[in-house]
Amino acid sequence: MARNAFAIRTSETSSPDEIFSRYFAPEVLSILPQDLFATSALVLRSAPGGGKTSLLRIFTPGPLIQVIRNRHLSPHDEIHRSLAQLGVVDEATALAFGILVPCASGYAEIGPQLEERTSRALFRALVNARIILRSLRALCTLHDLDYPNGLGTITCEYAASLFDEGPIPRNADLGALRAWAEDVESRCFAQLDAVGNTSVDLPLHMQFDAVLWLSQVSFVIHGRTVAAKPIVMFDDVHRLRPWQRTLLYSELLDHRQGASVWFAERTYVINPSELLTGAIPRRDYEEVRMEQAWSTAKSKQYLNFVTSIANRRMAQMRTDLESFGDYLSNTVTDYATQDKIAKALPEMEQRVRDLASGSGLFDEWISSAASSTAEPFEKAIEWTRIGILITREKQKVQASLDLAPLSDDDLEARTGSGVPAAAERFVCHRHDVPYFYGIERVVRLSSYNVEEFLQICAVLYDHIYAQKITRSRGSGPVSVSAKIQNDALTKLAEKRFKELPRLFALGPQAQRLIESIGLMCREKTYEPNAPYAPGVTGIALSTQDREALVQAGRDGPGNPYFELASTISSCVAQNLFEVRDNHKQDNKTWVVLYLNRLFCAQFDLVYHVGGWQRVSLRRLQDWSRGVVPRANEKITLV
Amino acid sequence: MWWDPYNLYRSDQFSAFWRKHLEDRERRLLFIVGAGFDPRVMGPAKEIIACGPDATRKCLAIDMSEGYGTDTAASKLGKKNLTGLKTLFPDDRLEVRELVTTDTDGIRDVSRSAAVLFADFETWISDYTDIIVDISALPRLVYLTLLNTLLTHLVKPGSETPLGSAINLHVVYAESAVIDSAIAKFEIDTDLAPIQSLGIRLDEEASLGWPVVWFPVLAEDVLEQLTRIGERTNPDEICPVLPIQSADARRGDNIINALGEFLFDRYDVDIRDILRATEWNPFQLYRSLMQTMARYEDSLKLAGGAKFVLSPLSSKGLSIGCLLAAFEKRAIGNRAAVRVGMAHVESRRYEAAKIQSNPQYQLISAWVAGECYSVTAHKKQTEEAQQSLVGADAK
């Protein structure tokens with residue numbers, strides 16, 4: 001069997017630069033600020049698997065050189081165009097290059113075993129050493145020199161600076177500088193591996209001198225000054241200890257010292273550590289939240305991005321299958337489904353007539369629906385829509401005195417944007433009709449997260465490939481039916497949900513919380529008048545509640561909401577929620593936590609963003625403990 | 001290779017060895033055990049004491065309740081085990097040390113905590129002739145750290161017989177795949193756990209461009225751990241280790257069935273790269289790893305060097321095999337061309353509800369350092385080996 005390319009995770013750092021750049025989807029560059037270097041710092045946030053590291057990697061010398069060399073050939077031409085628009089390349093020249101500094105390894109070991117000032121100084125020393133070493137390596141790659149032997153062909157000149165010179169030697173040749181930095185790193189590791197007394201030979205630095213060094217130094221290769229600006233890119237900043245993250249931000253976010261600094265980290269909702277910086281957003285730094293950027297981007301931009309990734313993966317497999325989306329049926333027009341619904345239509349019609357009985361207001365609506373010649377599925381949606389609107393009309397406090405039947409125009413006017421979608425969901429739920437199918441819905445289920453999308457595609461690809469190899473010659477194009485897609489996605493959702501207790505600390509609490517939220521959303525979604533059409537898919541925290549959770553995080557286990565704060569943070573970190581920060585409604589600001597779209601398949605919800613319900617902290621705490629209070633048989637929210 | 005020949009005693013040989021070992025001369029024994037819920041906690045200690053009831057003995061028991069969540073069944077078993085330990089080591093012979101896994105920043109570092117817990121070992125280790133580390137009920141991070149610390153102190157790499165320390169170090173455990181699979185693991189960490197002095201430093205600049213060869217030791221229910229370790233280590237080559245000669249003859253098939261998509265789809269592992277290791281014999285895996293690492297080291301010279309990452313996710317025996325290989329390679333390996341370390345993600349919660357009341361297990365004792373590896377013993381072995389060759393020539 002062909003290897004399932006959707007199961008391969010090669011985007012981040014493992015694949016060679018030429019493969020990475022060939023399969024890089026440039027649409028993601030459109031979510032970056034167009035004036036990329038207007039501020040000296042950029043903060044990039046997303047859930048795990050959102051594509052942060054891949055986005056940073058395209059700026060590093062290896063992929064950049066590949067793109068420049070092949071700029072006249074597809075698919076590099078598109079990438080080159082996007083990078084040129086950002087001012088990163090200019091025809092055959094790199095105008096900037098990224099120096100990737102992962103924060104995942106080593107730093108978090110610098111901990112309480114050392115006195116605070118020593119810890120900070122050691123941390124800065126390790127960061128400085130790594131920036132230096134990575135800069136030298138990046139420089140060699142950018143100019144096609146062998147590292148480290150090629151350092152001998154590079155000389156450096158320093159611009160005089162008003163700032164005191166730090167620990168990085170300014171008058172060493174690059175070979176000696178490399179040896180110095182490796183020695184610093186080595187001594188740091190020796191300290192981290194020791195248990196007991198502090199080593200007297202600790203490298204201790206009082207500032208992030210490497211960033212200043214990068215702004216002062218000019219590199220000269222074969223008599224020509226390197227024009228490309230360096231960008232120091234810290235990846236996985238959330239992996240640092242809280243004080244390390246705070247130190248990095250406070251000393252580098254508004255440094256204005258020349259070299260650009262980017263930070264990539266996981267999305268926070270409840271962040272107990274303050275940034276302690278006077279840096280001002282959009283003046284000193286730009287912030288990009290990837291999922292939110294996708295959700296507010298132009299229509300179909302995210303769809304184009306991920307289908308581009310999917311198609312490139314399909315091309316990798318060389319199985320004559322090309323466009324991923326084309327193999328997924330996007331209708332439920334098969335005869336079996338239509339027949340099932342057709343048999344249910346008389347009952348639906350009768351239900352609506354019963355709802356409307358005693359009033360002639362709805363006669364025109366009913367008459368239009370009864371005489372419609374649409375396909376059974378469309379008719380079913382129409383009956384359900386009418387049912388929702390009749391229920392709403394009858395619930396209005398002030399009854400209308402107008403006895404004339406409401407017209408079809410009135411029907412359209414009362415149909416809000418979410419009602420047809422709600423009606424479709426009702427029909428699919430009541431009559432066991434597939435709902436999650438087609439490339440657009442599959443993309444929506446990925447919650448604007450590339451890794452989620454690939455996991456979903458991996459499952460569907462197995463069905464596509466199975467069809468390809470088992471169908472007989474001449475039996476038509478490969479097409480996975482809506483039912484198979486729906487069943488596969490529902491099964492994947494169930495598997496994800498069941499695995500939650502195992503996957504991370506507070507997994508059991510997270511599962512109970514997600515389950516209660518899912519049940520509440522389902523209850524609200526299927527109310528006969530569909531008050532929150534197309535459906536409810538999330539909860540919201542008020543500003544006060546969010547502050548209470550932040551305080552709980554700071555206070556520690558003594559605070560009654562500490563476990564809840566930790567559970568919600570873990571859920572966000574694991575991409576179980578889609579976060580919408582600073583959501584404004586009713587003159588208030590809310591943090592909205594939508595369920596990961598895949599869980600919408602688990603709880604029979606809509607795939608749209610949908611509505612939300614405010615839930616008190618006390619109730620959320622109950623839910624995370626498996627207690628779901630009800631009043632009048634309905635789940636209570638406060 | 002240091003552990004060639006090795007000393008391993010299993011089942012009936014376990015008792016026979018300890019009886020003779022304790023009869024040979026007066027011994028002062030220190031047991032280091034986990035004060036946990038695993039029903040195997042008492043097994044090795046009970047058996048050894050029965051072989052030499054008059055031997056002076058003491059026990060250091062590690063209480064891990066602060067760092068690991070459990071269920072009611074596990075708590076009950078834990079209390080029962082502690083009572084049993086108090087019976088085996090009455091009066092002041094039992095010392096319980098509490099492992100505090102989280103530091104003041106709220107960061108969890110089990111390995112460093114274990115190292116700190118035994119930071120005073122140099123003050124008391126010389127009081128004993130034999131240190132017996134029972135890993136049956138200890139979490140992997142704890143016993144790997146502990147054993148690495150003790151080996152670092154006892155082993156002299158520059159000596160003619162590096163393992164011939166004056167103090168004997170034994171690793172004992174009760175092997176049972178049935179009990180291992182009955183213990184349910186939850187709350188798997190998302191990141192690699194730091195392992196004091198044993199962890200692989202993936203971001204070390206000096207070795208950044210070197211290829212990474214990953215040796216994950218496979219088991220049935222470790223897909224999530226493998227996924228997370230794989231994402232962090234980004235290996236260039238993978239040599240999975242498949243346990244064989246298990247009590248369940250189909251175990252290898254079951255493991256491949258469970259992990260096939262991960263190995264062959266996600267990582268394109270070549271089946272010829274799969275190492276097979278006898279489940280209960282750590283030294284056999286140790287040898288395989290040493291030989292394989294040597295071959296890779298040779299062929300990857302052109303790439304500047306190689307990084308070997310070991311991930312023991314399976315039985316205790318195989319974990320010890322990984323430890324011995326990592327320890328020796330780190331001690332005497334060519335630092336200019338090789339890095340060796342472990343990569344592990346731990347589970348923070350264990351549940352014991354499915355453990356049977358009287359589980360069966362096999363006792364194993366591995367003698368990893370001490371008098372049997374000393375110059376005298378080494379000479380005697382060499383002479384015996386030479387004599388047998390002379391005999392063969394005569395024939």
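Residues numbered from 1 in each chain as written. Chains lettered and ligands numbered in written order. Predicted model: local features only at pLDDT ≥ 70, side-chain atom pairs only at ≥ 80, totals over all residues. Heavy atoms only, no water.

(A) How the structure looks around the overall build of chain B. Counting secondary structure elements, chain B contains twelve helices and 16 strands. In terms of C-alpha radius of gyration, chain B reaches 21 Å, essentially the compact-globule figure of 21 Å for 395 residues. The burial tally for chain B puts 58% of its 395 residues in the buried class. Considering only intrachain contacts with a sequence separation of at least 6, the fraction spanning at least 24 residues in chain B is 87%. Of the roughly 16,300 Å² of accessible surface on chain B, 49% is carried by carbon and sulfur atoms. Within chain B, the 55 negative side-chain charges are centred at a point lying 3 Å from the centre of the 44 positive side-chain charges. (Helix = DSSP H or I, 4+ residues; strand = E, 2+ residues; numbered from the N terminus. Rg over C-alpha atoms; globule rule 2.2 N^0.38 Å. Buried < 20%, exposed > 50% of the residue type's maximum accessible area, 1.4 Å probe, protein only. Contact = heavy atoms within 4.5 Å. Areas by Shrake-Rupley, 256 points an atom, 1.4 Å probe, with all protein chains shown as cover. Lys, Arg positive; Asp, Glu negative; His and termini not counted. Charge placed at Lys NZ, Arg CZ, Asp CG, Glu CD.)

(B) Structural detail: the sheet that holds strand β15 (residues 347-351) of chain B. All names here are of chain B. Across the sheet, three strands lie side by side as β4-β15-β8; this open sheet has mixed pairing. Bordering the open sheet on either side are β4 (69-70) and β8 (184-188), each of which pairs with just one other strand. Relative to β15, β8 runs antiparallel, the two sharing four bridges. Note on β15: the bridge partner recorded for Ala184 is Glu351. (Pairing = 2+ DSSP bridges.)

(C) Representation of the nonpolar core in the model. Ranked by size, the top nonpolar core spans 165 residues in total, and within it Phe59(A), Phe123(A), Phe234(A), Phe263(A) and Phe324(A) carry the most contacts. Considering each element in turn, this core owes the most residues, 14 residues, to helix α5 (residues 116-142) of chain A. Those residues in contact with Phe324(A), other than ones at most four positions away along the chain, are Phe6(A), Ala310(A), Asn311(A), Met314(A), Ile439(A), Cys457(A), Leu460(A), Tyr461(A) and Ile464(A). If you look at the next biggest cluster of nonpolar residues, it comprises 111 residues, including Ala55(B), Val142(B), Cys322(B) and Trp367(B). (Core = buried A, V, L, I, M, F, W, Y, C linked by side-chain atoms within 4.5 Å.)

(D) Fine view of unusual backbone geometry. Residues and elements named next belong to chain A. A cis amide bond links Tyr147 to the next residue, Pro148, at an omega of 5°. Here the residue pair Ala533 and Pro534 is connected by a cis peptide bond, since its omega of 5° sits within 30 degrees of zero. Position of Pro534 among the secondary structure elements: in the loop between α19 (507-525) and β11 (536-542). The phi dihedral of Asp236 is positive, around 60°, even though this residue is not glycine. For Asp236, the location among the structural elements is in the loop between β8 (229-235) and α8 (242-252). Within the chain, Asp432 stands out as a residue other than glycine whose phi angle is a positive 50°. Among the structural elements, Asp432 can be located in the loop between α15 (419-430) and α16 (439-445).

(E) Highlighting the environment of Leu32(A). Residue and element names in this part refer to chain A. Mapped onto the secondary structure, Leu32 falls in the loop between α1 (17-23) and β1 (41-46). Take Leu32: its relative accessible area is 3%, and that puts it in the buried class. Every residue in contact with Leu32, bar those within four places of it in the chain, is listed here: Leu42, Leu44, Leu55, Phe59 and Leu86.

(F) Geometry of the interface of chain B and chain A. Contacts between chain B and chain A engage 39 residues on the former and 40 residues on the latter. Contact between chain B and chain A buries roughly 3,500 Å² in total, counting both sides, with carbon and sulfur atoms accounting for 44%. When the buried surface of chain B facing chain A is broken down by residue, Arg201(B), Asp203(B) and Glu205(B) rank first, second and third, together holding 22% of it. Across the pair Arg241(A) and Asp103(B) runs a salt bridge, and its minimum N-O distance is 2.7 Å. (Buried area = accessible area lost by both parts, 1.4 Å probe. Salt bridge = Lys/Arg side-chain N within 4 Å of Asp/Glu carboxyl O.)

(G) Region of the structure containing helix α2 (residues 42-51) of chain B. For α2(B), the tally of buried residues reaches seven of ten residues, placing the bulk of the element in the interior. Turning to α2(B), its buried residues number three or more, namely Met42(B), Gly43(B), Pro44(B), Ala45(B), Ile48(B), Ile49(B) and Cys51(B).

(H) Geometry of the sheet that holds strand β9 (residues 260-266) of chain A. Residue and element names in this part refer to chain A. Strand order in the open sheet formed by five strands is β4-β8-β9-β1-β10, with parallel pairing between adjacent strands. Looking at which strands have only one partner, the edges of the open sheet turn out to be β4 (96-102) and β10 (285-289). Each neighbouring strand pair of the sheet contributes to a mean axis angle of 20°, computed without reference to strand direction. Looking at chain direction, β1 and β9 are connected through six bridges and run parallel. Counted as the bridge partner of Arg45 is Glu265 from β9. (Axes fitted to C-alpha atoms, helices over the stretch in contact; angles between N-to-C directions.)

(I) Summary view of the packing of aromatic side chains. If you walk through the whole model with that rule in mind, you get 35 aromatic pairs over all chains. Note on Phe123(A) and Trp243(A): the rings are 5.9 Å apart at their centroids and 80° apart in plane angle, and the pair reads as edge-to-face. Highlighted residues: Phe123(A) in helix α5 and Trp243(A) in helix α8, separated in sequence by 120 residues. This pair shows no difference in class: Phe123(A) is buried, exactly as Trp243(A) is. Ring geometry for Trp2(B) and Phe327(B): centres 6.1 Å apart, planes at 55°, overall tilted. Residue Trp2(B) is located in the segment before β1 (7-10), and its partner Phe327(B) is located in helix α11 (residues 316-332); the two are separated by 325 residues in the primary sequence. Of the residues examined, Phe327(B) reaches a relative accessible area of 9% and is grouped as buried. (Phe/Tyr/Trp six-rings, centres within 6.5 Å; stacked < 30°, edge-to-face > 60°.)

(J) Structural context of the domain arrangement of chain A. All names here are of chain A. We note that the domain assignment places domain 1 (19-297), domain 2 (335-431) and domain 3 (504-638) within chain A. On a C-alpha basis, the centroid separation for the pair domain 2 and domain 3 is 32 Å. Contact residues are listed per partner, giving eleven residues for domain 2 and 13 residues for domain 3. When domain 2 packs against domain 3, the two sides together hide about 1,000 Å² of surface, and 63% of this comes from carbon and sulfur. It is Arg425, Phe426 and His429 in domain 2 that bury the most area against domain 3; as a group they hold 47% of the surface buried on that side. Between the two partners, domain 2 and domain 3, sit one salt bridge. With its nearest N and O atoms 3.9 Å apart, the salt bridge here joins Arg425 to Asp604. Counting across the domain 2 and domain 3 interface gives five residue pairs in polar contact (both at pLDDT 80 or more). At the level of secondary structure, the elements contributing two or more residues to the side of domain 2 that touches domain 3 comprise α13 (376-395) and α15. (Domains from an automatic or database assignment. Polar contact = N/O pair within 3.5 Å; in protein donor to acceptor, adjacent residues only side chain to side chain.)

(K) Local environment of the packing of helix α1 (residues 12-24) of chain B against α2(B). Residue and element names in this part refer to chain B. Orientation of α1 relative to α2, taken along the N-to-C sense of each, is 45°, at an axis distance of 8 Å. As the angle between them shows, α1 and α2 are arranged oblique. Pair α1 / α2 crosses with right-handed handedness. Contacts between α1 and α2 involve Phe14, Ser15, Trp18, Arg19 and Leu22 from the first element and Pro44, Glu47, Ile48 and Cys51 from the second. Grouping the amino acids of the contact of α1 with α2 by side-chain chemistry returns six nonpolar, one polar and two charged. (Parallel < 35°, antiparallel > 145°, perpendicular 65-115°, else oblique. Left-handed = near helix turned anticlockwise from the far one by under 90°. Nonpolar A, V, L, I, M, F, W, Y, C, P; charged D, E, K, R; others polar.)

(L) Fine view of the pairing of strand β9 (residues 212-217) of chain B. Residue and element names in this part refer to chain B. Where burial is concerned, most of β9 is hidden: six out of the six residues are buried. Taking every second residue as pointing to the same face, both faces of β9 are buried, with Val212, Trp214 and Pro216 on one and Val213, Phe215 and Val217 on the other. Both β9 and strand β13 (residues 306-312) contribute to a ladder of six bridges, which runs parallel. Residue pairing across strands places Pro216 opposite Ser311, the latter belonging to β13. Bridge analysis of β9 against strand β10 (residues 237-238) gives two bridges, and the strand direction is parallel. Bridge assignment links Trp214 to a residue of β10, and that residue is Ile238. Crossover handedness for the path β9 to helix α8 (residues 223-233) to β10: right-handed. (Right-handed = clockwise from strand over helix to strand, strands pointing away.)

(M) Representation of a negative patch on the surface within the structure. Residues and elements named next belong to chain A. A grouping of Asp363, Glu364, Asp408 and Asp409 is seen on the molecular surface, where their side chains present a negatively charged patch. Elements supplying a minimum of two residues to the negative patch: α12 (363-370) and α14 (408-414). Inspection of the secondary structure puts Glu364 in helix α12. A residue is classified by how much of its surface remains accessible, and Glu364, at 37% relative accessible area, is partly exposed. (Patch = residues over 30% accessible without salt bridge, like charges linked within 9 Å, V, L, I, M, F, W, Y side chains within 5 Å.)

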